[in-house]
Structure formats: C-alpha cells, structure tokens
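# Overview (structure and organization)
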Amino acid sequence: MKLYYSPGACSMASRIVFNELGQQPEFVRTDIYAKRTEDGRDFREINPLGYVPALELDGGEVLIENGAILPYIASLKPGAVAPSGDALAEAKLHQALAFLSSELHKAFGPFFGKPEGAAREALLKRLDTRLDYVEQHFGDGREYWLGDDFTVADALAFVILSWAGHFGISYADRPNIARYVERIGRRESVRKALEAEGLLQAA
Ligand SMILES: N[C@@H](CCC(=O)N[C@@H](CS)C(=O)NCC(=O)O)C(=O)O
C-alpha cells in the first residue's frame, strides 16, 4: 500500500492510524501545490482532484477521502481503532468523520490562504460555531471522540484541531479542546507521526 501525504496535512491522520496498528505502508510525499509526487509523477494521475490523502492499494486501486480511507485502514485490524459490529457505534464514527471532514476541516481550510481583516473575521465566526460544538462534545468528560476508546476519528480530529496554532487561533477559552489536543498529542503513534513529518519541534 502507498499513502500519498503532505507533511502536517490531514493525511497525517492515516499515518497516525498506521502507527496505532503497527503497520507501515510506503509513504509518498506529495507537493499539493505543484501536484507532483516526490518520485516525479503528476499527482492528478493518482487523484484527479489533486488532494491528499490518497491510498493506493496493492492491487492498484486508489482510495481517496479521509472518510473512506480511515475506516478502510481500521478494517485491517477489526475492533482496534474503530467500532466493529455495532451499527449505532459505527454510525457515530461515520457521523464524526463526516463532521470532521465537511465541517471542521472545511472551516479551517481557508486560513491556509492567510485571510485578513473582515474576511478573517467572517471565517472565524463560521469556525467558532464548529469549535463550540467540539467544546460541548467533550463537556461530558469523555477522553476520546467516541467515548472511552481511541478511534480513527481522534487521529483526524487531532490533526485538524492542531492547525489552530498556525493560524493564531487559541483554545484558551476552550479548555476541553485544549486538554483533548494535548492528550492525543502525547500518544506514541502521534509523536512518531509528527517526527516522521518533521513537525515534532513545532508541535
Ligand atoms: N475531502 C477531502 C479533502 C482533503 C484535503 O482538503 N486535503 C488537503 C490537505 S489537508 C489538500 O491536499 N489540499 C490541496 C488541494 O485541495 O488542492 C478529504 O476529506 O479527504
């Protein structure tokens, strides 16, 4: 298997999950701006949409979208990093991945373009409603997104929530999120992923 990734991007969630499972695919660093892989290929030949993560399976099939890739990696070791065999628990995982991908990720995304002034304020307002939801979600004292166990949702949530510091967004008024990010960031799988992507110092 090959994981196409960019350092610190949402593709790092897959690397964290592979670390959790003690499995290592081949990692292919990808320039998401130039759309080139480190071995000189046009990345759009792998994902026509030009974004990471993309997971190339041994048979040559390519999966895209965190919401599909993360459950697929989890299925390599059923029950280890995702609920298995409980329809409601599985639905809650899909709910989490859908929210994280289509609401939280997409609310953070525009900050990579370094918006200023009124544009930044409008984006902050939109992001705030999503962060309020996350803060409330952890208000019952749960350790992980789904409750008592670490799942692939935590890998993705950690990566996305960690972007805040790079955009000058503080969690000082959101203690549940601050504690959660710190807690997940201490996991060995996460430390190893940050180190592999050259981000341990900045984390
Ligand atoms: N819908 C995709 C979005 C992935 C995505 O936005 N990836 C970013 C990095 S975090 C990227 O590669 N952006 C480059 C681009 O969109 O051109 C998913 O959830 O997997």
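Coordinates for the structure precede this section.
First, a word on what this report is: a plain description of the structure on this page. The structure displayed is predicted, hence computed values, not measured ones.

Analysis parameters
Residues numbered from 1 in each chain as written. Predicted model: local features only at pLDDT ≥ 70, side-chain atom pairs only at ≥ 80, totals over all residues. Heavy atoms only, no water. Core = buried A, V, L, I, M, F, W, Y, C linked by side-chain atoms within 4.5 Å. Buried < 20%, exposed > 50% of the residue type's maximum accessible area, 1.4 Å probe, protein only. Helix = DSSP H or I, 4+ residues; strand = E, 2+ residues; numbered from the N terminus. Domains from an automatic or database assignment. Contact = heavy atoms within 4.5 Å. Salt bridge = Lys/Arg side-chain N within 4 Å of Asp/Glu carboxyl O.

To continue, consider the nonpolar core. Ranked by internal contacts, the top residues of the largest apolar core, which has 57 residues, are Leu-100, Leu-104, Phe-108, Trp-145 and Leu-161. Elements with a minimum of two residues in this core: strand 1 (2-5), helix 1 (12-21), helix 2 (66-74), helix 3 (87-108), helix 4 (117-137), helix 5 (152-162), helix 6 (175-185) and helix 7 (188-196). In terms of residue count, the dominant contributor to this core is helix 5 (9 residues). Residue contributions to this core reach at least three from each of two domains, namely domain 1 (2-79) and domain 2 (87-187). With sequence-adjacent residues up to four places away left out, Trp-145 is seen in contact with Ala-96, Phe-99, Leu-100, Tyr-133, Val-134, His-137, Phe-138, Ala-153, Asp-154, Ala-157 and Tyr-180. Within the second largest apolar cluster, 7 residues are counted, among which are Tyr-4, Val-28, Phe-43 and Ile-46.

Let us look at the pattern of salt bridges. Applying the stated criterion across every chain, the model contains 8 salt bridges. Salt-bridge contacts for Glu-197 lead to Arg-15; the nearest nitrogen and oxygen are separated by 2.7 Å. Linking Glu-197 in the segment after helix 7 with Arg-15 in helix 1, this pair joins segments that are 182 residues apart in sequence. Under the relative-accessibility criterion, Glu-197 is labelled buried at 6%. For Arg-15, a relative accessible area of 6% gives the class buried. Through salt bridges with shared partners, a single network forms among Asp-128, Asp-132 and Arg-174.

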